[in-house]
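# Structure at a glance
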Amino acid sequence: MSVRRKRFRIEEVNFAGMPAPAEVDSGETAPMHHEIMSELRAIRTQMGTPGRNAVSEEVNASTNQQVAEAQAMLLTYRAQIEQCEKLKIELDLIHDAITRTKQEIAVLHGKSFEGDEMAKVNGELGAVVGGTEEATQQILTAAEAIDNASTALGKVSSVDQQKQLLDEIGDSVVAIFEACNFQDLTGQRISKVMTTMKFIENHIMEMMEIWGGVDAIKAHAPPIIDTREGDDKLLNGPKLNGDIGHASQDDIDALFD
(Lines give C-alpha, C1' and ligand atoms only; values in the text may rest on other atoms or scores of the structure.)
Protein backbone atom coordinates (compact mmCIF):
# COMPACT_ATOMS: atom_id res chain seq x y z
CA MET A 1 0.00 0.00 0.00
CA SER A 2 1.35 3.39 -0.96
CA VAL A 3 1.58 6.08 1.73
CA ARG A 4 2.54 9.67 1.52
CA ARG A 5 5.89 10.28 3.29
CA LYS A 6 5.80 12.88 6.01
CA ARG A 7 7.66 16.04 5.18
CA PHE A 8 10.08 17.14 7.93
CA ARG A 9 10.14 20.72 9.16
CA ILE A 10 13.71 21.29 8.00
CA GLU A 11 12.65 20.22 4.56
CA GLU A 12 9.76 22.67 4.63
CA VAL A 13 12.14 25.51 5.54
CA ASN A 14 14.96 24.68 3.13
CA PHE A 15 12.95 23.24 0.30
CA ALA A 16 9.72 25.25 0.42
CA GLY A 17 9.62 25.76 -3.32
CA MET A 18 10.30 22.21 -4.22
CA PRO A 19 7.56 19.72 -4.92
CA ALA A 20 6.37 17.45 -2.20
CA PRO A 21 8.13 14.14 -1.94
CA ALA A 22 6.69 11.38 -3.94
CA GLU A 23 4.64 8.70 -2.39
CA VAL A 24 6.63 5.71 -1.33
CA ASP A 25 5.67 2.26 -0.44
CA SER A 26 5.06 1.57 3.25
CA GLY A 27 7.57 -1.25 3.11
CA GLU A 28 10.40 1.18 2.33
CA THR A 29 9.39 3.80 4.92
CA ALA A 30 10.96 2.20 8.02
CA PRO A 31 14.48 1.71 6.62
CA MET A 32 14.55 5.18 5.11
CA HIS A 33 13.42 6.74 8.40
CA HIS A 34 16.17 4.90 10.28
CA GLU A 35 18.82 6.10 7.86
CA ILE A 36 17.62 9.70 8.11
CA MET A 37 17.67 9.64 11.90
CA SER A 38 21.16 8.13 11.89
CA GLU A 39 22.39 10.87 9.58
CA LEU A 40 20.79 13.53 11.76
CA ARG A 41 22.42 12.10 14.86
CA ALA A 42 25.76 12.05 13.06
CA ILE A 43 25.32 15.66 11.94
CA ARG A 44 24.28 16.69 15.44
CA THR A 45 27.34 14.94 16.91
CA GLN A 46 29.67 16.63 14.42
CA MET A 47 28.07 20.00 15.09
CA GLY A 48 28.15 19.67 18.92
CA THR A 49 31.52 18.05 19.59
CA PRO A 50 33.87 20.91 18.52
CA GLY A 51 31.99 23.42 20.66
CA ARG A 52 32.09 21.21 23.71
CA ASN A 53 35.79 20.54 23.17
CA ALA A 54 36.59 24.27 22.90
CA VAL A 55 34.62 25.11 26.03
CA SER A 56 36.16 22.21 27.89
CA GLU A 57 39.68 23.23 26.88
CA GLU A 58 39.01 26.82 27.92
CA VAL A 59 37.64 25.68 31.30
CA ASN A 60 40.60 23.35 31.78
CA ALA A 61 43.07 26.11 30.90
CA SER A 62 41.41 28.53 33.33
CA THR A 63 41.38 25.89 36.05
CA ASN A 64 45.04 25.05 35.52
CA GLN A 65 45.97 28.72 35.69
CA GLN A 66 44.05 29.17 38.94
CA VAL A 67 45.69 26.06 40.42
CA ALA A 68 49.14 27.35 39.42
CA GLU A 69 48.44 30.76 40.95
CA ALA A 70 47.14 29.12 44.13
CA GLN A 71 50.25 26.94 44.40
CA ALA A 72 52.54 29.95 43.85
CA MET A 73 50.65 31.92 46.50
CA LEU A 74 50.89 28.95 48.87
CA LEU A 75 54.66 28.75 48.38
CA THR A 76 54.92 32.49 49.03
CA TYR A 77 52.91 32.16 52.24
CA ARG A 78 55.06 29.24 53.38
CA ALA A 79 58.25 31.24 52.78
CA GLN A 80 56.81 34.19 54.68
CA ILE A 81 55.81 31.91 57.57
CA GLU A 82 59.34 30.48 57.73
CA GLN A 83 60.78 33.99 57.79
CA CYS A 84 58.37 34.96 60.55
CA GLU A 85 59.39 31.90 62.58
CA LYS A 86 63.07 32.80 62.21
CA LEU A 87 62.31 36.39 63.16
CA LYS A 88 60.40 35.20 66.23
CA ILE A 89 63.36 33.09 67.32
CA GLU A 90 65.69 36.08 66.97
CA LEU A 91 63.27 38.31 68.85
CA ASP A 92 62.99 35.73 71.62
CA LEU A 93 66.78 35.68 71.95
CA ILE A 94 66.90 39.47 72.08
CA HIS A 95 64.10 39.53 74.64
CA ASP A 96 65.93 36.98 76.78
CA ALA A 97 69.19 38.95 76.55
CA ILE A 98 67.45 42.20 77.50
CA THR A 99 65.70 40.50 80.43
CA ARG A 100 68.96 39.05 81.75
CA THR A 101 70.71 42.38 81.31
CA LYS A 102 67.95 44.13 83.23
CA GLN A 103 68.34 41.59 86.02
CA GLU A 104 72.09 42.22 86.22
CA ILE A 105 71.55 45.99 86.21
CA ALA A 106 68.91 45.62 88.91
CA VAL A 107 71.36 43.66 91.07
CA LEU A 108 74.05 46.31 90.58
CA HIS A 109 71.59 49.11 91.19
CA GLY A 110 70.20 47.55 94.35
CA LYS A 111 73.42 46.28 95.88
CA SER A 112 76.09 48.64 94.56
CA PHE A 113 75.37 51.96 92.93
CA GLU A 114 72.34 52.99 94.96
CA GLY A 115 72.52 50.50 97.83
CA ASP A 116 74.44 50.20 101.06
CA GLU A 117 77.47 48.70 99.34
CA MET A 118 78.32 51.87 97.43
CA ALA A 119 77.85 53.95 100.56
CA LYS A 120 80.24 51.62 102.36
CA VAL A 121 82.73 51.90 99.52
CA ASN A 122 82.66 55.67 99.70
CA GLY A 123 83.02 55.53 103.49
CA GLU A 124 85.89 53.05 103.36
CA LEU A 125 87.81 55.06 100.77
CA GLY A 126 87.26 58.22 102.79
CA ALA A 127 88.53 56.46 105.89
CA VAL A 128 91.60 55.24 104.00
CA VAL A 129 92.42 58.76 102.88
CA GLY A 130 91.80 60.23 106.34
CA GLY A 131 93.71 57.48 108.16
CA THR A 132 96.67 57.72 105.79
CA GLU A 133 96.81 61.48 106.18
CA GLU A 134 96.62 61.29 109.97
CA ALA A 135 99.27 58.55 110.21
CA THR A 136 101.56 60.47 107.89
CA GLN A 137 101.21 63.55 110.05
CA GLN A 138 102.01 61.56 113.19
CA ILE A 139 105.08 60.00 111.58
CA LEU A 140 106.38 63.35 110.40
CA THR A 141 105.80 64.93 113.81
CA ALA A 142 107.60 62.08 115.58
CA ALA A 143 110.47 62.17 113.09
CA GLU A 144 110.82 65.91 113.62
CA ALA A 145 110.85 65.39 117.40
CA ILE A 146 113.56 62.73 117.03
CA ASP A 147 115.62 65.07 114.88
CA ASN A 148 115.32 67.90 117.41
CA ALA A 149 116.13 65.64 120.34
CA SER A 150 119.16 64.14 118.62
CA THR A 151 120.46 67.62 117.81
CA ALA A 152 119.99 68.78 121.39
CA LEU A 153 121.54 65.57 122.72
CA GLY A 154 124.89 66.51 121.33
CA LYS A 155 124.82 69.92 122.99
CA VAL A 156 123.98 68.97 126.56
CA SER A 157 126.40 67.55 129.10
CA SER A 158 124.04 66.83 131.96
CA VAL A 159 123.18 63.20 132.42
CA ASP A 160 119.63 64.02 133.43
CA GLN A 161 119.06 66.13 130.31
CA GLN A 162 120.56 63.43 128.14
CA LYS A 163 118.27 60.85 129.76
CA GLN A 164 115.26 63.11 129.17
CA LEU A 165 116.13 63.57 125.51
CA LEU A 166 116.62 59.85 125.07
CA ASP A 167 113.19 59.24 126.60
CA GLU A 168 111.70 61.73 124.14
CA ILE A 169 113.40 59.95 121.26
CA GLY A 170 112.03 56.62 122.50
CA ASP A 171 108.50 58.01 122.80
CA SER A 172 108.73 59.39 119.26
CA VAL A 173 109.86 56.01 117.95
CA VAL A 174 106.88 54.34 119.67
CA ALA A 175 104.59 56.98 118.13
CA ILE A 176 105.97 56.11 114.70
CA PHE A 177 105.30 52.41 115.27
CA GLU A 178 101.78 53.19 116.43
CA ALA A 179 101.14 55.39 113.40
CA CYS A 180 102.29 52.58 111.11
CA ASN A 181 99.33 50.54 112.28
CA PHE A 182 97.30 52.46 109.71
CA GLN A 183 98.66 50.05 107.11
CA ASP A 184 96.69 47.16 108.58
CA LEU A 185 93.49 49.19 108.80
CA THR A 186 94.01 50.55 105.32
CA GLY A 187 94.50 47.02 103.97
CA GLN A 188 91.25 45.86 105.54
CA ARG A 189 89.30 48.81 104.19
CA ILE A 190 90.74 48.45 100.69
CA SER A 191 89.91 44.73 100.76
CA LYS A 192 86.26 45.63 101.36
CA VAL A 193 86.39 48.08 98.45
CA MET A 194 88.03 45.46 96.22
CA THR A 195 85.28 42.96 97.12
CA THR A 196 82.61 45.41 96.03
CA MET A 197 84.49 46.30 92.86
CA LYS A 198 84.91 42.60 92.09
CA PHE A 199 81.18 42.14 92.56
CA ILE A 200 80.51 44.95 90.08
CA GLU A 201 83.08 43.58 87.65
CA ASN A 202 81.54 40.09 87.72
CA HIS A 203 78.08 41.41 86.88
CA ILE A 204 79.45 43.64 84.13
CA MET A 205 81.23 40.61 82.68
CA GLU A 206 77.94 38.70 82.84
CA MET A 207 76.24 41.44 80.82
CA MET A 208 79.09 41.41 78.30
CA GLU A 209 78.75 37.64 77.93
CA ILE A 210 75.02 38.05 77.34
CA TRP A 211 75.77 40.26 74.33
CA GLY A 212 78.49 38.10 72.79
CA GLY A 213 81.48 38.39 75.13
CA VAL A 214 84.36 40.81 75.53
CA ASP A 215 85.47 40.60 71.90
CA ALA A 216 82.00 41.49 70.62
CA ILE A 217 81.88 44.50 72.95
CA LYS A 218 85.36 45.65 71.91
CA ALA A 219 84.25 45.65 68.29
CA HIS A 220 81.74 48.40 69.14
CA ALA A 221 83.98 50.37 71.52
CA PRO A 222 84.95 53.83 70.25
CA PRO A 223 88.66 54.58 69.85
CA ILE A 224 90.40 56.01 72.92
CA ILE A 225 91.62 59.53 72.26
CA ASP A 226 93.82 61.30 74.77
CA THR A 227 92.45 64.84 75.02
CA ARG A 228 94.82 65.96 77.77
CA GLU A 229 97.08 68.93 77.10
CA GLY A 230 100.23 70.37 78.60
CA ASP A 231 101.51 68.91 81.87
CA ASP A 232 98.32 66.91 82.35
CA LYS A 233 99.31 64.79 79.37
CA LEU A 234 102.59 63.90 81.09
CA LEU A 235 101.08 62.98 84.45
CA ASN A 236 100.20 59.29 84.44
CA GLY A 237 100.30 58.61 88.17
CA PRO A 238 102.40 56.00 90.02
CA LYS A 239 103.70 53.16 87.92
CA LEU A 240 102.38 49.65 88.44
CA ASN A 241 104.37 46.49 87.83
CA GLY A 242 104.19 45.66 84.15
CA ASP A 243 103.08 49.13 83.04
CA ILE A 244 104.77 50.67 80.03
CA GLY A 245 105.25 54.27 79.02
CA HIS A 246 106.50 55.44 82.43
CA ALA A 247 109.97 56.70 83.24
CA SER A 248 111.93 54.50 85.65
CA GLN A 249 114.12 55.76 88.45
CA ASP A 250 117.16 54.89 86.34
CA ASP A 251 115.87 57.13 83.57
CA ILE A 252 115.42 59.96 86.03
CA ASP A 253 118.87 59.44 87.53
CA ALA A 254 120.37 59.47 84.04
CA LEU A 255 119.01 62.98 83.49
CA PHE A 256 121.16 64.31 86.36
CA ASP A 257 124.38 62.43 85.48
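The structure we're discussing is the one just above.
Since we're looking at a predicted model, the values are computed, not measured. (Residues numbered from 1 in each chain as written. Predicted model: local features only at pLDDT ≥ 70, side-chain atom pairs only at ≥ 80, totals over all residues. Heavy atoms only, no water.)

### Some details on the layout of surface pockets
Volume-wise, the largest pocket comes out at about 160 Å³. Lining the largest pocket we find 13 residues, and of these Ala 127, Gly 131, Glu 134, Phe 182 and Leu 185 sit closest to its centre. If you list the elements that add at least two residues to the lining of the largest pocket, you get helix 3 (116–153), helix 4 (159–179) and helix 5 (182–210). Per-class residue counts for the lining of the largest pocket are 6 nonpolar, 4 polar and 3 charged. (1 Å grid on protein atoms, 1.4 Å probe; cavity = no way out; pocket = protein on both sides within 12 Å on 5 of 7 lines; lining within 4 Å. Points joined across faces, edges and corners; volume = space filled by probe spheres on them. Helix = DSSP H or I, 4+ residues; strand = E, 2+ residues; numbered from the N terminus. Nonpolar A, V, L, I, M, F, W, Y, C, P; charged D, E, K, R; others polar.)

### Some remarks on a nonpolar patch on the surface
Together, Leu 87, Leu 91, Ile 94, Ile 98, Trp 211 and Ile 217 line one region of the surface with nonpolar side chains, adding up to about 540 Å² of accessible area. At 4 residues, helix 2 (residues 26–113) tops the list of elements feeding residues into the nonpolar patch. Relative to the elements of secondary structure, Ile 94 occurs in helix 2. Classification of Ile 94 by relative accessible area gives partly exposed; the value is 42%. (Patch = residues over 30% accessible without salt bridge, like charges linked within 9 Å, V, L, I, M, F, W, Y side chains within 5 Å. Areas by Shrake-Rupley, 256 points an atom, 1.4 Å probe, with all protein chains shown as cover. Salt bridge = Lys/Arg side-chain N within 4 Å of Asp/Glu carboxyl O. Buried < 20%, exposed > 50% of the residue type's maximum accessible area, 1.4 Å probe, protein only.)

### Some words on the pattern of salt bridges
The tally for this structure, following the rule as stated, stands at 6 salt bridges. The salt bridge involving Lys 88 is made with Asp 92; its shortest N-O contact spans 3.0 Å. Placement of the pair is Lys 88 and Asp 92 together in helix 2, with a separation of 4 residues, close to one helical turn. The exposure class assigned to Lys 88 is exposed, which follows from its relative accessible area of 52%. Classification of Asp 92 by relative accessible area gives partly exposed; the value is 40%. When salt bridges with common partners are traced through the structure, they connect Glu 124, Arg 189 and Lys 192 into a single cluster.

### Things to note about helix 4
Between its first and last C-alpha atoms helix 4 spans 30 Å; for 21 residues at 1.5 Å apiece the expected length is 30 Å, and the two agree. Buried within helix 4 we find Leu 165, Ile 169, Ser 172, Ile 176 and Ala 179. Looking down the long axis of helix 4, one finds its buried residues gathered within 85 degrees of arc, a one-sided arrangement. Facing away from the buried side of helix 4 by more than 90 degrees, the exposed set consists of Val 159, Asp 160, Lys 163, Asp 171, Phe 177 and Glu 178. With a side-chain oxygen lying 3.4 Å from the backbone nitrogen of Asp 160, the N-terminal cap of helix 4 falls on Ser 158. (Expected span 1.5 Å × (residues − 1). Arc of directions from axis to C-beta. Polar contact = N/O pair within 3.5 Å; in protein donor to acceptor, adjacent residues only side chain to side chain.)

### Structural notes on a negative patch on the surface
Together, Asp 250, Asp 251, Asp 253 and Asp 257 give the surface a local cluster of negative charge. Secondary-structure assignment places Asp 251 in helix 7 (residues 249–256). The exposure class assigned to Asp 251 is partly exposed, which follows from its relative accessible area of 42%. (Lys, Arg positive; Asp, Glu negative; His and termini not counted. Charge placed at Lys NZ, Arg CZ, Asp CG, Glu CD.)

Just distances and angles here, no functional claims.
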